[in-house]
Amino acid sequence: MKFLLVFDFDYTVIDENSDTWIVKCAPEEKLPNKLRNSYQKGHWTEYMSRVFRYLGDSGVREDEMKRTMTTIPFTTGMRDLLDFIGKNKDFFDCIIISDSNTVFIDWILKAANFHEVLDEVFTNPATFSGAGYLTVQNFHTHRCAKCPKNLCKRKVLEEFVDKKLQQGVKYTKIIYIGDGGNDLCPVTSLKKDDIAMPRQGYTLQKMISQMSEDLDPVQSSVLVWSSGVEILSHLKLLIKE
């Protein structure tokens, strides 16, 4: 019996958006209007590339960014949840699929000592250039019309599950825990034995509710959560079954 836990990161594991949190490093903790207004829907990674360039031009360096990012708060109950998962790896594989970037997620997880809980993290690759600027790239290319240009979480999830199947691992259930609109695509790929866990009051929950009203519900069970405590309680029940 093995369960796959799939986490989004921003507003799920942490209680903020990591990409907007970094603006605290900017002069006066804000971006120029022209830069802030340059975002185009579906092109978030390109927008963040411009933000990181602005921070670099403003003299913001790696150590300051790291100090800022490691103060980001975890969502209530998430530390206890991750601690529980780490102690029960016989039952759980655990991955993150996120629109953040490798540098931010690595900093935050390592500072909290949770990096070993995760089997894999799928997110936009980032690195510091020789000049000390943070650069970020799209995670992959895909043909999904529903997802932003840089990341289709459904494609990532399906490829991971297929890879594990080839290694002889077949999951009893997939449990998808997220909050945002870009989590809907992978949630619609879940089967009837799986569980979608949207955060209460956030976009994903509203979209799943709308699908039910439109008589086109998701196939999986749906369990709404507002803190990691509720997710933890459900995982404890699962491993007792």
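Quick caveat, the model's predicted, so the values are computed rather than measured. Residue positions are given per chain, counted from 1 along the sequence in the order it is written. Under the rules for a predicted model, residues below a pLDDT of 70 receive no local features and side-chain atom pairs below 80 are neither given nor counted, while totals for whole chains, interfaces and linings still include all residues. In computing side-chain values, all of the structure's heavy atoms are included and hydrogens and water are not.

**A word on the environment of Val169**
(1) Moving on: Strands here are runs of E lasting at least two residues and helices are runs of H or I lasting at least four, both read from the DSSP assignment and numbered beginning at the N terminus. Positionally, Val169 belongs in the loop between α7 (153-166) and β6 (173-178).
(2) Moving on: Distance in space between the C-alpha atoms of Val169 and Met1 is 9.8 Å, their sequence separation being 168 residues.

**Observations concerning the side chain of Thr12**
(1) Moving on: In this structure, Thr12 sits in the loop between β1 (3-7) and α1 (18-21).
(2) Moving on: N or O atoms within 3.5 Å of each other form a polar contact, as long as, within protein, one can give a hydrogen and the other can take it, and as long as residues adjacent in sequence are counted only when both atoms are side-chain atoms. Among the polar contacts listed, one links the side chain of Thr12 to the side chain of Asp179, at a separation of 3.1 Å.
(3) Moving on: In this description, contact between two residues means that some pair of their heavy atoms is separated by no more than 4.5 Å. In this view, Thr12 contacts Phe7, Thr75, Met78, Ile177, Gly178, Asp179, Arg199 and Trp225; residues no more than four positions away in its chain are not counted.

**Regarding the packing of helix α4 (residues 62-69) against helix α6 (residues 102-111)**
(1) Moving on: Axis angles are defined between N-to-C directions and span 0 to 180 degrees, where every axis is a line fitted to C-alpha atoms and, for a helix, only to the segment in contact. At a minimum axis separation of 9 Å, α4 and α6 run at an interaxial angle of 55°. Relative to α6, the element α4 is oriented oblique. Classified by chirality, the crossing of α6 by α4 is right-handed. Contact residues: α4 offers Glu62, Met65, Lys66 and Met69, while α6 offers Phe104, Trp107 and Ile108.
(2) Moving on: Any residue that is not Ala, Val, Leu, Ile, Met, Phe, Trp, Tyr, Cys, Pro, Asp, Glu, Lys or Arg is counted as polar, Gly included; the first ten are nonpolar and the last four charged. By residue class, the composition of the contact of α4 with α6 is five nonpolar, no polar and two charged. With respect to orientation, any angle under 35 degrees is reported as roughly parallel, any angle over 145 as roughly antiparallel, any angle of 65 to 115 as roughly perpendicular, and every other angle as oblique. Left-handed describes a crossing whose near helix is turned anticlockwise from the far helix by less than a right angle; the clockwise case is right-handed.

**Overview of the nonpolar core**
(1) Moving on: Among buried residues, the Ala, Val, Leu, Ile, Met, Phe, Trp, Tyr and Cys ones that are joined through side-chain atoms within 4.5 Å form a nonpolar core. Residue burial is assigned from relative accessible area. The probe radius is 1.4 Å, only protein chains are included, and a residue is buried under 20% of its type maximum, exposed over 50%, and partly exposed in between. Ranked by size, the top nonpolar core spans 56 residues in total, and within it Phe7, Met65, Ile85 and Leu235 carry the most contacts.
(2) Moving on: With near-sequence residues (within four places) excluded, Ile85 lies in contact with Leu5, Phe7, Phe92, Cys94, Val117 and Leu235.
(3) Moving on: Ranked by size, the runner-up nonpolar core spans 20 residues in total, among them Leu4, Ile97, Leu151 and Met211.

**Re the packing of aromatic side chains**
(1) Moving on: Within 6.5 Å between ring centres, the rings of Phe, Tyr and Trp (the latter by its six-membered ring) count as paired, and their orientation is classed by plane angle as stacked under 30 degrees, edge-to-face over 60, tilted in between. Applying the stated criterion to the full structure yields 13 aromatic pairs.
(2) Moving on: Seen in terms of ring centroids, Phe122 and Phe139 are 6.2 Å apart; in terms of plane orientation they differ by 90°. Their pairing is edge-to-face. Of this pair, Phe122 sits in strand β3 (residues 120-124) while Phe139 is found in the loop between β5 (134-136) and α7, placing the two residues 17 residues apart along the sequence.
(3) Moving on: Residue class for Phe122 comes out buried when judged on its relative accessible area of 12%.
(4) Moving on: Residue classification places Phe139 among the partly exposed positions, given a relative accessible area of 28%.
(5) Moving on: Among the aromatic residues, those joined into a cluster by ring pairs are Phe3, Phe84, Phe91 and Phe92.

**As for the sheet that holds strand β8 (residues 221-222)**
(1) Moving on: Across the sheet, which stays open at both edges, the six strands sit in the order β3-β2-β1-β6-β7-β8 with parallel pairing between neighbours. At either margin of the open sheet sits one strand with a lone partner, and together these are β3 and β8.
(2) Moving on: Relative to β6, β1 runs parallel, the two being bridged by five bridges. The partner of Leu5 across the bridge, within β6, is Ile175.
(3) Moving on: On top of the sheet, α6 reaches β2 (92-101) and β3; it is set at about 130° to β2, its chief contact. Strands were regarded as paired on the criterion that DSSP finds at least two bridges between them.

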